[in-house]
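# Descriptive analysis of the structure
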Amino acid sequence: MARRWMMSSGEKPLEMAEFEPDAPGPGEVIVQIAGCGVCHTDLGFYYDGVRTNSDLPLCLGHEISGTVTQAGEGAEDWLGRAVIVPAVMPCGTCDLCLRGKGTICRNQKMPGNDIQGGFASHITVPARGLCPVDLDRLAAIGLELADVSVVADALTTPYQAAVQAGISKGDLVIVNGVGGVGGYAVQVAAAMGATVVAIDVSPAKLEAVRDHGAALTLNARDFDPRALKKEIIGFAKANDLRTTEWIIMECSGTAAGQTAAFGLLNHGATMCVVGFTMDKVEVRLSNLMAFHARLLGNWGCPPDLYPGALDLVLSGKVKLAPFIEQRPLDDINTVFRDVHDGNKVRRQILVPAQ
């Protein structure tokens with residue numbers, strides 16, 4: 001019998017429930033889950049009253065890797081393969097998808113939001129868009145299948161933002177908030193040839209990225225907004241980098257962080273909004289006009305970009321091991337509380353008992 005942990009409300013602990021997975025329909029598969037990462041979106045659903053698209057009770061979790069154990073008609077080629085399940089799965093057939101706009105597909109499915117999620121032993125999902133994982137290459141760099149579950153959001157979300165912003169060699173990229181998503185944003189931008197400035201309020205998080213892509217680390221608590229921008233300008237001049245056209249990746253998902261990131265806009269800048277918060281911010285939108293800058297939203301990542309993101313890991317350009325920690329799925333309530341209370345720097349990956 002399969003098992004999953006269900007959320008009935010944000011006031012009650014997540015509860016384990018046994019279930020029989022639905023038989024996969026045409027184009028669907030059942031994945032035996034190797035690991036599922038704990039994202040701040042999950043905490044938003046549980047603690048902050050962010051509404052799920054599917055009614056409660058619901059199994060959360062959208063960073064999923066595992067092995068296909070059953071396949072429906074048309075998906076038989078996936079049987080027995082190791083895969084990453086996209087955190088956002090476009091339908092692939094609507095007008096938006098056919099025009100390359102799958103991230104805004106109105107029929108998309110997100111585990112732990114639109115359908116039952118990955119804090120479970122098994123999940124039934126569409127086969128379309130699954131990302132195959134080469135287990136031999138994975139083992140060669142000392143990783144397990146559970147470890148790459150975080151590719152399905154923590155890595156692919158900033159990867160899409162970087163691709164969308166057009167990051168390339170010679171750019172100065174500022175990553176504001178270097179936690180689970182932001183830490184990978186630093187590595188992705190560096191892998192694309194950019195010089196990266198990392199900003200956070202946590203010395204531990206800044207220390208973690210110092211050896212993994214960040215050329216300069218700044219604690220936001222040490223600067224007022226003007227001084228912060230002046231510090232980065234000085235760094236740019238000292239290193240023959242542009243003082244225009246910065247690419248700012250806002251990954252903190254806080255009102256204060258978003259306000260600070262907007263204050264770093266300069267002429268020709270691009271600001272990527274990657275982190276999410278329910279809080280409102282007050283900014284002067286006319287700065288976008290005055291600086292001829294642009295502001296880009298970033299929802300999930302198209303499945304066709306997943307192989308490129310995964311290859312950054314398999315080639316060693318992006319490191320996962322220093323930023324992840326496996327925990328038993330049965331410890332989910334303790335892990336949720338620890339992450340919510342800020343007691344974990346590394347991304348927590350919940351692993352079902354086999």
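Relevant structure appears above.
The present account deals with the structure reproduced in this document. Computed from a predicted model, the values in this text were never measured in an experiment.

Attention now goes to unusual backbone geometry. With glycine set apart, most residues show a phi of negative sign, and most peptide bonds adopt trans. The omega torsion across L56 and P57 is 0°, close enough to zero to call that bond cis. In this structure, D153 takes a positive phi of about 160° despite not being glycine. Its location among the elements puts D153 in the loop between helix 3 (135-140) and helix 4 (156-165). In this structure, H292 takes a positive phi of about 50° despite not being glycine. The class for H292 is exposed, based on a relative accessible area of 70%.

Next up on the list: the sheet that holds strand 8 (residues 172-176). On the basis of which strands lie adjacent, the open sheet formed by 6 strands has the order 10-9-8-11-12-13 and parallel pairing. Each edge of the open sheet is held by one strand with a lone partner, namely strand 10 (214-219) and strand 13 (294-297). In this sheet, adjacent strand axes meet at a mean angle of 20° when their direction is disregarded.

Okay, the nonpolar core next. Core analysis: the biggest nonpolar cluster contains 54 residues, and I84, V148, I167, V175, Y184, M249 and L320 have the highest contact counts within it. Elements represented by at least two residues in this core include exactly strand 5 (82-85), helix 4, strand 8, helix 5 (180-191), strand 9 (195-200), helix 6 (203-210), strand 11 (247-250) and helix 10 (306-314). In this view, Y184 contacts V150, A154, L155, P158, V318, K319, L320, F323 and I324; residues no more than four positions away in its chain are not counted. Grouped together as the second largest cluster of nonpolar side chains are 35 residues, I33, I64, M89 and L350 included.

So, on to the packing of aromatic side chains. Counted according to the given criterion, the structure contains 4 aromatic pairs. Between Y46 and F336, the aromatic rings sit 5.8 Å apart at their centres with planes inclined by 85°, giving edge-to-face as the arrangement. On the criterion of sequence distance, the pair formed by Y46 in helix 1 (residues 40-47) and F336 in helix 11 (residues 332-340) is long-range, its members being 290 residues apart. With respect to class, Y46 is no different from F336; both count as buried.

Turning our attention to the pairing of strand 10. Of all 6 residues making up strand 10, 5 are buried, and the element is well covered by its neighbours. Pairing analysis gives 5 bridges linking strand 9 to strand 10, with the strands arranged parallel. Bridged to A198 within strand 10 is T217.

For the rest of this paragraph, the subject is the pattern of salt bridges. Opposite charge on two side chains makes pairing possible when the charged atoms of those side chains draw close. The full count for this structure, using the stated rule, is 8 salt bridges. Salt-bridge contacts for R137 lead to D311; the nearest nitrogen and oxygen are separated by 3.3 Å. Residue R137 is found in helix 3, and its partner D311 is found in helix 10; the two are separated by 174 residues along the sequence. Given the relative accessible area of 35%, R137 is considered partly exposed. For D311, a relative accessible area of 35% translates into the label partly exposed. A salt bridge links R327 to D331; its shortest N-O distance comes to 4.0 Å. Relative accessible area serves as the criterion here: at 15%, R327 is assigned to the buried category. You can call D331 partly exposed: its relative accessible area is 28%.

Conventions we followed
- Residues numbered from 1 in each chain as written.
- Predicted model: local features only at pLDDT ≥ 70, side-chain atom pairs only at ≥ 80, totals over all residues.
- Heavy atoms only, no water.
- Helix = DSSP H or I, 4+ residues; strand = E, 2+ residues; numbered from the N terminus.
- Buried < 20%, exposed > 50% of the residue type's maximum accessible area, 1.4 Å probe, protein only.
- Pairing = 2+ DSSP bridges.
- Axes fitted to C-alpha atoms, helices over the stretch in contact; angles between N-to-C directions.
- Core = buried A, V, L, I, M, F, W, Y, C linked by side-chain atoms within 4.5 Å.
- Contact = heavy atoms within 4.5 Å.
- Phe/Tyr/Trp six-rings, centres within 6.5 Å; stacked < 30°, edge-to-face > 60°.
- Salt bridge = Lys/Arg side-chain N within 4 Å of Asp/Glu carboxyl O.

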